[in-house]
Amino acid sequence: MSLTRAERTIIVSMWSKISTQTDAIGTETLERLFSCYPQAKTYFPHFDLHAGSAQLRAHGSKVVAAVGDAVKSIDNVASALSKLSELHAYVLRVDPVNFKFLSHCLLVTLASHFPADFTADAHAAWDKFLSIVSSVLTEKYR
(Lines give C-alpha, C1' and ligand atoms only; values in the text may rest on other atoms or scores of the structure.)
Protein backbone atom coordinates (compact mmCIF):
# COMPACT_ATOMS: atom_id res chain seq x y z
CA MET A 1 0.00 0.00 0.00
CA SER A 2 1.37 3.40 -0.87
CA LEU A 3 0.15 6.92 -0.52
CA THR A 4 -0.81 9.11 -3.44
CA ARG A 5 0.76 12.52 -3.86
CA ALA A 6 -2.49 14.13 -2.67
CA GLU A 7 -2.56 11.94 0.46
CA ARG A 8 1.05 12.82 1.26
CA THR A 9 0.24 16.50 0.89
CA ILE A 10 -2.72 16.21 3.27
CA ILE A 11 -0.68 14.37 5.91
CA VAL A 12 2.32 16.70 5.77
CA SER A 13 0.07 19.76 5.77
CA MET A 14 -1.92 18.58 8.79
CA TRP A 15 1.25 17.50 10.57
CA SER A 16 2.40 21.12 10.69
CA LYS A 17 -0.65 21.84 12.88
CA ILE A 18 -0.49 18.58 14.86
CA SER A 19 3.17 19.08 15.73
CA THR A 20 2.30 22.18 17.76
CA GLN A 21 -0.01 20.14 20.01
CA THR A 22 1.86 16.85 20.43
CA ASP A 23 1.52 16.69 24.22
CA ALA A 24 -2.24 17.27 24.23
CA ILE A 25 -2.91 15.00 21.27
CA GLY A 26 -0.69 12.21 22.59
CA THR A 27 -2.19 12.33 26.07
CA GLU A 28 -5.75 12.40 24.79
CA THR A 29 -5.04 9.55 22.37
CA LEU A 30 -3.70 7.33 25.15
CA GLU A 31 -6.54 8.26 27.50
CA ARG A 32 -8.99 7.29 24.75
CA LEU A 33 -7.07 4.04 24.10
CA PHE A 34 -7.15 2.97 27.75
CA SER A 35 -10.80 3.96 28.10
CA CYS A 36 -12.03 2.21 24.95
CA TYR A 37 -9.60 -0.72 24.98
CA PRO A 38 -8.75 -1.35 28.65
CA GLN A 39 -6.85 -4.51 27.76
CA ALA A 40 -4.08 -2.21 26.45
CA LYS A 41 -3.37 -1.21 30.06
CA THR A 42 -1.65 -4.57 30.63
CA TYR A 43 1.44 -3.24 28.84
CA PHE A 44 1.76 -0.38 31.32
CA PRO A 45 1.63 -1.93 34.81
CA HIS A 46 4.24 0.53 36.07
CA PHE A 47 2.44 3.65 34.76
CA ASP A 48 0.06 5.97 36.54
CA LEU A 49 -2.78 5.75 34.01
CA HIS A 50 -4.98 8.41 35.57
CA ALA A 51 -6.09 11.13 33.17
CA GLY A 52 -3.37 13.71 32.66
CA SER A 53 -0.69 11.91 34.68
CA ALA A 54 2.92 12.84 33.99
CA GLN A 55 3.69 9.33 32.71
CA LEU A 56 0.70 9.36 30.38
CA ARG A 57 1.69 12.78 29.03
CA ALA A 58 5.31 11.72 28.53
CA HIS A 59 4.41 8.51 26.72
CA GLY A 60 1.73 10.23 24.66
CA SER A 61 4.36 12.71 23.55
CA LYS A 62 6.65 9.84 22.51
CA VAL A 63 3.86 8.18 20.54
CA VAL A 64 3.04 11.33 18.60
CA ALA A 65 6.77 12.03 18.09
CA ALA A 66 7.09 8.58 16.49
CA VAL A 67 4.19 9.41 14.17
CA GLY A 68 6.07 12.63 13.39
CA ASP A 69 9.18 10.61 12.52
CA ALA A 70 7.03 8.58 10.14
CA VAL A 71 5.61 11.75 8.59
CA LYS A 72 9.10 13.21 8.12
CA SER A 73 10.12 9.96 6.38
CA ILE A 74 6.80 9.50 4.62
CA ASP A 75 8.48 7.80 1.66
CA ASN A 76 10.38 5.36 3.89
CA VAL A 77 8.32 4.76 7.03
CA ALA A 78 9.88 1.31 7.52
CA SER A 79 13.32 2.80 7.97
CA ALA A 80 12.08 5.55 10.29
CA LEU A 81 10.29 3.10 12.61
CA SER A 82 12.56 0.05 12.37
CA LYS A 83 13.97 0.32 15.90
CA LEU A 84 10.53 0.99 17.35
CA SER A 85 9.21 -2.07 15.55
CA GLU A 86 11.98 -4.23 17.03
CA LEU A 87 11.38 -2.84 20.52
CA HIS A 88 7.65 -3.57 20.44
CA ALA A 89 8.05 -7.04 18.89
CA TYR A 90 11.09 -8.44 20.68
CA VAL A 91 11.29 -6.60 23.99
CA LEU A 92 7.81 -5.35 24.88
CA ARG A 93 5.94 -8.08 22.98
CA VAL A 94 2.91 -5.91 22.36
CA ASP A 95 -0.03 -7.68 20.72
CA PRO A 96 -0.12 -6.25 17.17
CA VAL A 97 -3.85 -5.52 17.33
CA ASN A 98 -3.06 -2.70 19.76
CA PHE A 99 -1.47 -0.67 16.97
CA LYS A 100 -4.80 -0.70 15.14
CA PHE A 101 -6.58 0.36 18.31
CA LEU A 102 -4.08 3.17 18.84
CA SER A 103 -4.46 4.29 15.24
CA HIS A 104 -8.21 4.47 15.62
CA CYS A 105 -7.90 6.50 18.83
CA LEU A 106 -5.46 8.87 17.15
CA LEU A 107 -7.86 9.36 14.23
CA VAL A 108 -10.68 10.28 16.61
CA THR A 109 -8.40 12.65 18.51
CA LEU A 110 -7.26 14.36 15.31
CA ALA A 111 -10.87 14.72 14.18
CA SER A 112 -11.81 16.33 17.48
CA HIS A 113 -8.85 18.74 17.50
CA PHE A 114 -9.02 19.72 13.81
CA PRO A 115 -12.66 19.44 12.70
CA ALA A 116 -12.28 21.89 9.82
CA ASP A 117 -9.20 20.12 8.46
CA PHE A 118 -10.41 16.58 9.04
CA THR A 119 -12.41 16.22 5.85
CA ALA A 120 -13.38 12.88 4.34
CA ASP A 121 -10.21 13.01 2.22
CA ALA A 122 -8.07 13.82 5.25
CA HIS A 123 -9.71 11.00 7.20
CA ALA A 124 -9.00 8.54 4.38
CA ALA A 125 -5.39 9.75 4.00
CA TRP A 126 -4.64 9.54 7.73
CA ASP A 127 -6.34 6.15 8.01
CA LYS A 128 -4.21 4.83 5.15
CA PHE A 129 -1.04 6.38 6.58
CA LEU A 130 -1.66 4.98 10.06
CA SER A 131 -2.36 1.57 8.50
CA ILE A 132 1.09 1.77 6.93
CA VAL A 133 2.58 2.76 10.28
CA SER A 134 0.80 -0.15 12.00
CA SER A 135 1.98 -2.55 9.32
CA VAL A 136 5.57 -1.39 9.75
CA LEU A 137 5.35 -1.74 13.52
CA THR A 138 4.07 -5.31 13.22
CA GLU A 139 6.36 -6.53 10.43
CA LYS A 140 8.96 -7.87 12.91
CA TYR A 141 6.32 -10.22 14.30
CA ARG A 142 6.34 -12.26 11.08
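It should be emphasised that the depicted structure is a prediction, and the values quoted were computed from it without experimental measurement. (Residues numbered from 1 in each chain as written. Predicted model: local features only at pLDDT ≥ 70, side-chain atom pairs only at ≥ 80, totals over all residues. Heavy atoms only, no water.)

A separate point is the layout of surface pockets. There is about 640 Å³ of room inside the largest pocket. Forming the boundary of the largest pocket are 29 residues, of which His59, Val63, His88, Phe99 and Leu102 lie nearest the centre. When contributions to the lining of the largest pocket are tallied by element, the ones reaching two or more residues are helix H2 (22-36), helix H3 (54-72), helix H5 (82-91), helix H6 (97-113) and helix H7 (120-138). It is H3 that contributes the most residues to the lining of the largest pocket, six residues altogether. Here the lining of the largest pocket is composed, by residue class, of 20 nonpolar, six polar and three charged. (1 Å grid on protein atoms, 1.4 Å probe; cavity = no way out; pocket = protein on both sides within 12 Å on 5 of 7 lines; lining within 4 Å. Points joined across faces, edges and corners; volume = space filled by probe spheres on them. Helix = DSSP H or I, 4+ residues; strand = E, 2+ residues; numbered from the N terminus. Nonpolar A, V, L, I, M, F, W, Y, C, P; charged D, E, K, R; others polar.)

At a closest axis distance of 9 Å, the pairing of helix H1 (residues 5-18) and H7 adopts a crossing angle of 90 degrees. When the interaxial angle is binned, H1 and H7 end up roughly perpendicular. For the pair H1 and H7, the contacting residues are Glu7, Ile10, Ile11, Met14, Trp15 and Ile18 in the first and Asp121, Ala122, Ala125, Trp126, Lys128 and Phe129 in the second. (Axes fitted to C-alpha atoms, helices over the stretch in contact; angles between N-to-C directions. Parallel < 35°, antiparallel > 145°, perpendicular 65-115°, else oblique. Contact = heavy atoms within 4.5 Å.)

With the rule as written, the count across this model stands at four aromatic pairs. With 4.0 Å between their ring centres and 5 degrees between their planes, Tyr37 and Phe101 make a pair best called stacked. Pair noted here: Tyr37 is in the loop between H2 and H3 and Phe101 is in helix H6, with a separation of 64 residues, a long-range link. Of the two residues examined, Tyr37 and Phe101, each falls in the buried class. Seen in terms of ring centroids, Trp126 and Phe129 are 5.6 Å apart; in terms of plane orientation they differ by 90 degrees. Their pairing is edge-to-face. In this pair, Trp126 and Phe129 both sit in helix H7, three residues apart, roughly one turn of the helix. (Phe/Tyr/Trp six-rings, centres within 6.5 Å; stacked < 30°, edge-to-face > 60°. Buried < 20%, exposed > 50% of the residue type's maximum accessible area, 1.4 Å probe, protein only.)

Moving on, we get to the pattern of salt bridges. Per the stated rule, a full pass over the model turns up four salt bridges. A salt bridge links Lys128 to Glu7; the nearest nitrogen and oxygen atoms lie 3.0 Å apart. Linking Lys128 in helix H7 with Glu7 in helix H1, this pair joins segments that are 121 residues apart in sequence. (Salt bridge = Lys/Arg side-chain N within 4 Å of Asp/Glu carboxyl O.)

Okay, the nonpolar core next. Proteins that are soluble and globular tend to have nonpolar side chains buried together. Counting 30 residues, the largest nonpolar core has Ile11, Ile18, Val77, Leu81, Leu110, Trp126 and Phe129 as the members making the most contacts within it. Only H1, H3, H6 and H7 provide two or more residues apiece to this core. In terms of residues, this core owes the most to one element, H7, which gives nine residues. With near-sequence residues (within four places) excluded, Phe129 lies in contact with Leu3, Ile11, Val67, Ala70, Val71, Ile74 and Val77. Counting residues in each nonpolar core, the second largest holds nine residues, with Leu33, Ala40, Leu56 and Phe101 among its members. (Core = buried A, V, L, I, M, F, W, Y, C linked by side-chain atoms within 4.5 Å.)

Looking at the protein chain as a whole, the pLDDT averages 93, with 99% of positions reaching at least 70. H5 is the least confidently modelled element of the protein chain, averaging 82 in pLDDT, while H1 averages 97, the highest of any element. (pLDDT = per-residue confidence, 0-100.)

A word on the state of the cysteines. Among covalent bonds in proteins, the disulfide is the one between the sulfur atoms of two cysteines. According to the stated counting rule, one finds zero disulfides in the structure shown. For Cys36, which is in no disulfide, the shortest distance to another cysteine sulfur is to Cys105 and amounts to 5.2 Å. On the basis of relative accessibility, which here comes to 1%, the residue Cys105 falls in the buried class. (Disulfide = S-S within 2.5 Å.)

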